Structure formats: C-alpha cells, structure tokens
Amino acid sequence: EGVINILLVGQDRREGQGRQRSDAMILCTINKSTKTITLTSFLRDIYVMIPGYYRQRINVSYQLGGFKTLNDTLEHNFGVRADHCIEVDFSGFQNIVNVLGGVDVELTQAEADYLNKRGNWDTNQGDFDWHLTAGVNRLDGEQALAYSRIRALDSDWGRTNRQKVVLSALLQKAKTMELGQITDFIDEVIPMIATDMTPSEIIGYAMDLLPILGDATINNQTIPASGTWQYATIEGDSVITVNFEKNQQFLKDTIGG
C-alpha cells in the first residue's frame, strides 16, 4: 500500500539491433508514506535461475523474454516484483538527458581524464572536444551515457554507482519542475522509451508523486548486498554468485520485498 516499484532497464542496443541484454537494471521504489525513493541496482553478472529457461547471468533474462522474463527472474531469485517497466536504449537515454538540458554530475579527476581521452565511447573517434574537469560538470546526453558506462577505472560496481548518480541527478531536476513542465516532459520523452504503461497512467503517477517529490529522500543501494556474494567461474564465464536468502532479507528490510 502506497509503494510503487518501477523497473528501469537500460538496454545494450545500438541502432538497427533487436532486443539485447539489459546493461542496467535499477528498481525504483517510491514509498509515498515515508516520502522516499530507493534506487536498487542489480549487477548484470549475478548468476541466477531464469524461470522457464536455464541458469545464466541476470542480464540475459531480458534478452530472452523482455520485461516479463526479467521481472519473473527478480521475483524468483530475490522476492521482489516490479509493477511497471520503463526501458530505454542508448539513443533514448541521450535524448532524455538532452531534453532536460543536461545533468550536473561531480567527476573525479580520473573520470574527467578518462572521458576527455576516450571521446565518443561507442566509436572511439576521440574528436569530441570535451574539456571536462574534476568537480561538478553539466553533462549532455552523450557525456552522461559515456560516464554511466565507465568501468575500466574500477569495476561493474563503480559503473552501477555512476548510473545511479545520473538517475539521482535527473530526479533532482524533476524536483524543481511544476506539473505542467512534468507533463510536457512526459509527452516529449514517451516516443523515446518502451513501457507497459499508457501515457495517461504515467501522468497519473506523476500527479500522485508531485506533492511528495520536493521533500523526497533519494536512497541508493546495490544487489548483491555487502558480504553476500563472491566471484566464480561457471562453464568458463566469470559471474557473481550470491546468497539469495540474505539478499531477499536485505530487500525486505529496505524496500519491503
């Protein structure tokens, strides 16, 4: 009651490709009674049972059967189920950030140097005159996507944290918007996303959330939880094996399960 789970999926798809694996999986839990928004990232290399298929990395479930199979996988392994799903590919993500006029993100010196040197992460052309610096930078859509995909500096843990940094920055921007601005934004981005919600349902949720959005606390967390996982090699693949019981309890304690 009063809790909405929306699964945000970033799909590793370029122009002309069919459905690909889910590069980012973030469960956005909105609790209207506590005025909290909790962003839970699921690492893509978690080794799970995909209902109706086989055991494999969790990001494979989206490629196999889209939102339904990914949602079934989350419920089977972690005891949580999304009410709705919003999926965006690389192009859509960039366009959404640009519609909002960019996002303010604090970069480390290593992150700034990496982005300036790499240029366009997808083609590696390196001719995109980026002059990012350590500290807060306003990133456009292409820069925000490149930042969200960095893992060479650390690991997939670092990458998922960067994805939540960008999403949190987008939510902070939404906090300053009035209802008319939010509905205009929704109208503009609907063609850029895939979702199981109708435009009227999305606007309905926005109207429900607007009264709490300004005061809402944004929490970030990652699955697997600390101390509940280990690296493993299974059939030649490097994966993450987890204690599902402990992670289910972690989710019950933090978002209600």
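For the structure, check the block above.
Only a predicted model underlies this, so the values are computations on that prediction, with no experimental measurement involved.

A. The arrangement of unusual backbone geometry in detail. Going from Ile223 to Pro224, the amide bond is cis rather than trans, its omega being 10°. Secondary-structure assignment places Pro224 in the loop between strand S10 (217-223) and strand S11 (229-234). For Lys35, which is not glycine, the phi torsion reads 55° and is therefore positive. Residue position: Lys35 is located in the loop between strand S2 (22-31) and strand S3 (36-42). By relative accessible area, which is 34% here, Lys35 ends up partly exposed. Of note in this structure, Glu235 is not a glycine but carries a positive phi near 50°. Considering the arrangement of structural elements, one finds Glu235 in the loop between S11 and strand S12 (237-242).

B. A look at helix H4 (residues 141-148). Within H4, 8 of the 8 residues are buried, which leaves it mostly tucked inside the rest of the structure. Where the residues of H4 are buried, they touch helix H2 (90-99), strand S7 (103-107), helix H3 (109-118), strand S8 (135-139) and helix H5 (156-175). A side-chain oxygen of the first residue of H4 lies 3.2 Å from the backbone nitrogen of Glu142; this N-cap is Asp140.

C. Region of interest: the environment of Gln248. Relative to the elements of secondary structure, Gln248 occurs in helix H8 (residues 244-255). Taking the C-alpha atoms as reference points, Gln248 and Asp215, 33 residues apart in sequence, are found 28 Å from one another. Not counting residues up to four positions away in its chain, the partners in contact with Gln248 are His76, Asn77, Phe78 and Gly79. Here the side chain of Gln248 touches Asn77 through a polar contact of 2.9 Å, landing on its backbone oxygen.

D. How the structure looks around the nonpolar core. If you look at the biggest cluster of nonpolar residues, it comprises 46 residues, and the most contacted ones within it are Ile30, Ile37, Leu39, Val103, Leu115 and Tyr147. The leading source of residues in this core is H5, at 6 residues. Excluding residues that lie within four positions of it along the chain, Val103 makes contacts with Val97, Asn137, Arg138, Leu139, Ala144, Val166, Ala169 and Leu170. One finds Met25, Leu27, Leu43 and Ile46 within the second-largest nonpolar core, a separate group that totals 25 residues.

E. Broad picture of empty space enclosed by the protein. Evaluation of the coordinates by the stated rule reveals 2 cavities of 30 Å³ or more. Here the largest cavity is characterised by a volume of approximately 1,200 Å³. Along its surface, the largest cavity is lined by 42 residues, and Leu8, Ile86, Leu167, Leu170 and Leu171 are the ones closest to its centre. Class assignment of the residues belonging to the lining of the largest cavity gives a composition of 35 nonpolar, 4 polar and 3 charged. By volume, the second largest cavity is sized at about 50 Å³. Taken together, Asp23, Ala24, Met25, Phe42, Leu43, Arg44, Asp156, Arg159, Thr160 and Gln163 make up the full set of residues lining the second largest cavity. Residue assignment for the lining of the second largest cavity shows that the elements contributing at least two residues are S2 and H5. Across the lining of the second largest cavity, the residue classes tally to 4 nonpolar, 2 polar and 4 charged.

About the thresholds
- Residues numbered from 1 in each chain as written.
- Predicted model: local features only at pLDDT ≥ 70, side-chain atom pairs only at ≥ 80, totals over all residues.
- Heavy atoms only, no water.
- Helix = DSSP H or I, 4+ residues; strand = E, 2+ residues; numbered from the N terminus.
- Buried < 20%, exposed > 50% of the residue type's maximum accessible area, 1.4 Å probe, protein only.
- Contact = heavy atoms within 4.5 Å.
- Polar contact = N/O pair within 3.5 Å; in protein donor to acceptor, adjacent residues only side chain to side chain.
- Core = buried A, V, L, I, M, F, W, Y, C linked by side-chain atoms within 4.5 Å.
- 1 Å grid on protein atoms, 1.4 Å probe; cavity = no way out; pocket = protein on both sides within 12 Å on 5 of 7 lines; lining within 4 Å.
- Points joined across faces, edges and corners; volume = space filled by probe spheres on them.
- Nonpolar A, V, L, I, M, F, W, Y, C, P; charged D, E, K, R; others polar.

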